[in-house]
Amino acid sequence: MRTPLCYLAMLTASVPSLGADSPISATDKMAPALVEDGEPHLQRQWSPLGLSANDLSIATGQPSLVLMSHGSTHIPVWSLSGGTAGQSVAGLLTGLPRECAAVKVEIVVTTTDPATSPELEDVYRVHLSQMIENAPFTERYVLGTPVRTPLPPAPLHTRTILLESYYKVEPDAPLWVRIQREPTDPGDTFTKPTGLALVKVTPLAALAEPQVVQNVSGYNSWPMLQALGDKLVCVYSRGSGHTIGEDTRAVYARTSTDGGKTWTPETVVANTPGYGEVEVGKGLDSSGAMLLWVRRAGPEWHHDLYRTTDGVTFTLMATPPLAVRPMQITDVFAVPTVGLMALWFAGDYSDKPNNAWGTMTSSDNGATWTQTTIESELPKSEWPTEPAAVYLGDGRILAIGRTEVSGTQFQLISQDYGKTWTRAPTNISDIAASTPSLILDPQTGLLSNYYYHRGAGVLRRRVVDPERVFHHPQSWPVSEPIATGSKIPFDAGNANATAIGDMHYISFYSGKAPDTTVFVSVIPSPAAGNSTRRPMLSEELGK
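Treat the numbers as computed from the prediction; the structure is a model and nothing was measured.

Regarding the overall build of the protein
From N to C terminus, the protein includes three helices and 39 strands. Per-residue burial for the protein yields a buried fraction of 57% across its 543 residues.

Some words on the nonpolar core
In this structure, Trp293 and Tyr505 are the most contacted members of the largest nonpolar core, which totals 33 residues. Apart from the residues lying within four places of it in its own chain, the contact partners of Tyr505 are Leu225, Leu232, Gly259, Asn496, Ala497, Thr498, Ile500, Val520, Ser521 and Val522.

Describing the pairing of strand β18 (residues 250-256)
Across the seven residues that make up β18, a large majority, seven, are buried. Along β18, one buried face is formed by Ala250, Tyr252, Arg254 and Ser256 and the opposite face, lined by Val251, Ala253 and Thr255, is buried too.

Digging into the sheet that holds strand β36 (residues 480-484)
Pairing within the open sheet is antiparallel, and its four strands lie in the order β33-β34-β35-β36. What marks the edges here is a single partner per strand, and that holds for β33 (437-440) and β36. On average, each strand axis in the sheet is tilted by 25° relative to the strand beside it, whichever way the strands run.

Some details on the packing of aromatic side chains
Applying the stated criterion across every chain, the model contains 11 aromatic pairs. Where Tyr452 meets Phe508, the ring centres are 5.6 Å apart and the plane angle is 25°; that geometry is what we call stacked. One end of the pair, Tyr452, is in strand β34 (residues 447-453); the other, Phe508, is in strand β38 (residues 503-512), and 56 residues separate them in sequence. This pair shows no difference in class: Tyr452 is buried, exactly as Phe508 is. Cluster of aromatic residues (ring-pair linked, three or more members): Tyr219, Trp222 and Tyr509. Across from the ring centre of Trp301, 4.1 Å away, lies the NZ or CZ of Arg325, which sits over that ring.

Considering the pattern of salt bridges
As enumerated under the stated definition, the model contains 19 salt bridges in all. Between Asp188 and Arg181 there is a salt bridge, with its nearest N and O atoms 3.1 Å apart. By relative accessible area, Asp188 is classed as buried at 8%. Ionic contacts of the salt-bridge type, sharing partners, join the residues Glu164, Asp430, Arg460 and Arg462 into one network.

Quick notes on the pairing of strand β39 (residues 515-524)
The buried fraction of β39 amounts to nine of the 10 residues, a majority that puts the element mostly inside the structure. Pairing analysis gives three bridges linking strand β15 (residues 211-214) to β39, with the strands arranged antiparallel. Paired with Gln211 across the bridge in β39 is Val520. Linking two consecutive strands that pair antiparallel, namely β38 and β39, is a turn of two residues.

A closer look at the sheet that holds strand β29 (residues 385-393)
With respect to topology, four strands assemble into an open sheet ordered β29-β30-β31-β32, the strand pairing being antiparallel. At either end of the open sheet lies a strand with only one pairing partner, and these are β29 and β32 (422-425). Each strand of the sheet is rotated relative to its neighbour by a mean of 20°, with strand direction disregarded. The sheet contact formed by strand β31 (residues 410-414) and β32 spans four bridges and is antiparallel. Along β32, the bridge assignment pairs Phe410 with Pro425.

Things to note about the layout of surface pockets
One number sums up the size of the second largest pocket: a volume of about 720 Å³. Residue assignment for the lining of the second largest pocket shows that the elements contributing at least two residues are β16 (219-228), β20 (276-284), β25 (333-335), β29, β33 and β37 (493-500). Residues of the lining of the second largest pocket, tallied by class, amount to 17 nonpolar, five polar and four charged.

Topic: the environment of Tyr451
Mapped onto the elements of the fold, Tyr451 is located in strand β34. In sequence terms Tyr451 and Ser437 are 14 residues apart; their C-alpha atoms lie 6.5 Å from each other.

A closer look at unusual backbone geometry
In this structure, the amide linkage connecting Ala513 to the following residue, Pro514, adopts the cis form with an omega of 15°. Structurally, Pro514 is set in the loop between β38 and β39. Its identity is not glycine, yet Thr337 carries a phi of approximately 70°, on the positive side. Mapping Thr337 onto the fold places it in the loop between β25 and β26 (339-346). Overall, the relative accessible area of 73% leaves Thr337 in the exposed class. Residues other than glycine seldom take positive phi values, yet Tyr349 does so here, at roughly 65°. Counting through the fold element by element, Tyr349 comes out in the loop between β26 and β27 (355-362).

Notes on the confidence of the model for the protein
When pLDDT is averaged along the protein, the result is 90; 90% of the residues meet or exceed 70. Per-residue pLDDT stays below 50 along residues 34-42; that stretch engages in 22 contacts with residues further than four places along the chain or on separate chains. Of the regions scoring below 50 in pLDDT, residues 532-543 engages in 49 contacts with residues more than four places distant in sequence or in other chains.

Scoring rules and cut-offs
Residues numbered from 1 in each chain as written. Predicted model: local features only at pLDDT ≥ 70, side-chain atom pairs only at ≥ 80, totals over all residues. Heavy atoms only, no water. Helix = DSSP H or I, 4+ residues; strand = E, 2+ residues; numbered from the N terminus. Buried < 20%, exposed > 50% of the residue type's maximum accessible area, 1.4 Å probe, protein only. Core = buried A, V, L, I, M, F, W, Y, C linked by side-chain atoms within 4.5 Å. Contact = heavy atoms within 4.5 Å. Pairing = 2+ DSSP bridges. Axes fitted to C-alpha atoms, helices over the stretch in contact; angles between N-to-C directions. Phe/Tyr/Trp six-rings, centres within 6.5 Å; stacked < 30°, edge-to-face > 60°. Lys NZ or Arg CZ within 6 Å of the ring centre and 35° of its normal. Salt bridge = Lys/Arg side-chain N within 4 Å of Asp/Glu carboxyl O. 1 Å grid on protein atoms, 1.4 Å probe; cavity = no way out; pocket = protein on both sides within 12 Å on 5 of 7 lines; lining within 4 Å. Points joined across faces, edges and corners; volume = space filled by probe spheres on them. Nonpolar A, V, L, I, M, F, W, Y, C, P; charged D, E, K, R; others polar. pLDDT = per-residue confidence, 0-100.

Following this line, the structure appears as structure tokens:
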């Protein structure tokens, strides 16, 4: 069953303060019309379908269906405790349009408690499954990641919270939706009840298929993508599986001059006998040539820096001696008064407090490097790995690091050209060992954070004005889906992005061991004034 959102909009419109955050109007036809509006939606979509509080029932625990009242206005909501774990409600949605390929799921919540404040947060997650003919309903089950958001400044205000941005569906099958509050999550600091008024399910059109870079037999993985003028250079390694030290693993490159549609034959970048080699960082030197860090693991452990001007011939230019052996040295970027900079991280992924991270700097265009440790003796839970960074100006650097435990991506900032840093968790939680890659658009000043959500199989982007998050890492806007891939957790992932003109290109790998494929997705850069912009659709990509 579903409730037309036009009815729900009229129902909530009479409540003071519900305004712009209240549910939008929608058709009550069985197949809602395809729409595109000016909001920062992820892609082409239909009008939302709704499950009101009366369409939901208890799934777990003892939540209460109550009337939230203000004067003569009464709205049914599910009261979800801020102190009792395991409370959830669920409903069944039917009537998805036959042409849709996926849905996004949002909830509308409110509270009457005067203790509400933007200084407090609550946390929710969604459970999704489809009831497919001749298949167990657990087959398409997805447990969403916890989503935390600030409370409103006053009672009776509503919030629309995105819990899932892209869940693939079979449009003819019923969709089971369960909403759960997570009061035991450390991010849920609001101990009072909240009221769940509505679940919004928006049907989505299919995302554009990513373009294939390399799909020969083998574990083609961990790609790096760099623009050399109007040419794309994609560097990747291939071995027999998700291993780094095997002698069979070597580094290769291909180039494209038509936006990733076609690629030149594969060339060898590094294939040292007795070592496994993996590309770990890329960037440009001051002359515009491409630099590439390659980790060489074998009898010894080295980081080699290669240089190329055409993406075909790579020359080894440095193997710097390092006091702390990095796991990786990541992407190279330019910092005024310093020269070239890259971030590194070191550790063994154990729970021992033996992890570290820091900077590599070069004042001679990459010929020699100085290693500096920023933090050491970190537990794994506080260890930022595989960081990506951009220089914002006025000595400020913003970096995003992956986390190796459940939680959120880290944000690392410096205000003195990389001499000192501050580390803090973000609100970016739709992740799982998700390597970030950042692009700062010079025309709009918008920052794009690309990452592959392992396990969910979704390549995501978050777009923000960096001024909004530089001192407020919990203020990143919601993510948007760019492409989908394998849901096998470590046989897909490692986004790496670059830009040519007003287009962004994001490489990643996907498949199932022992065979995986390197892909590139293409998306317009975000438009000025918008925090997000939808990705290209399949029919547009072919034009």
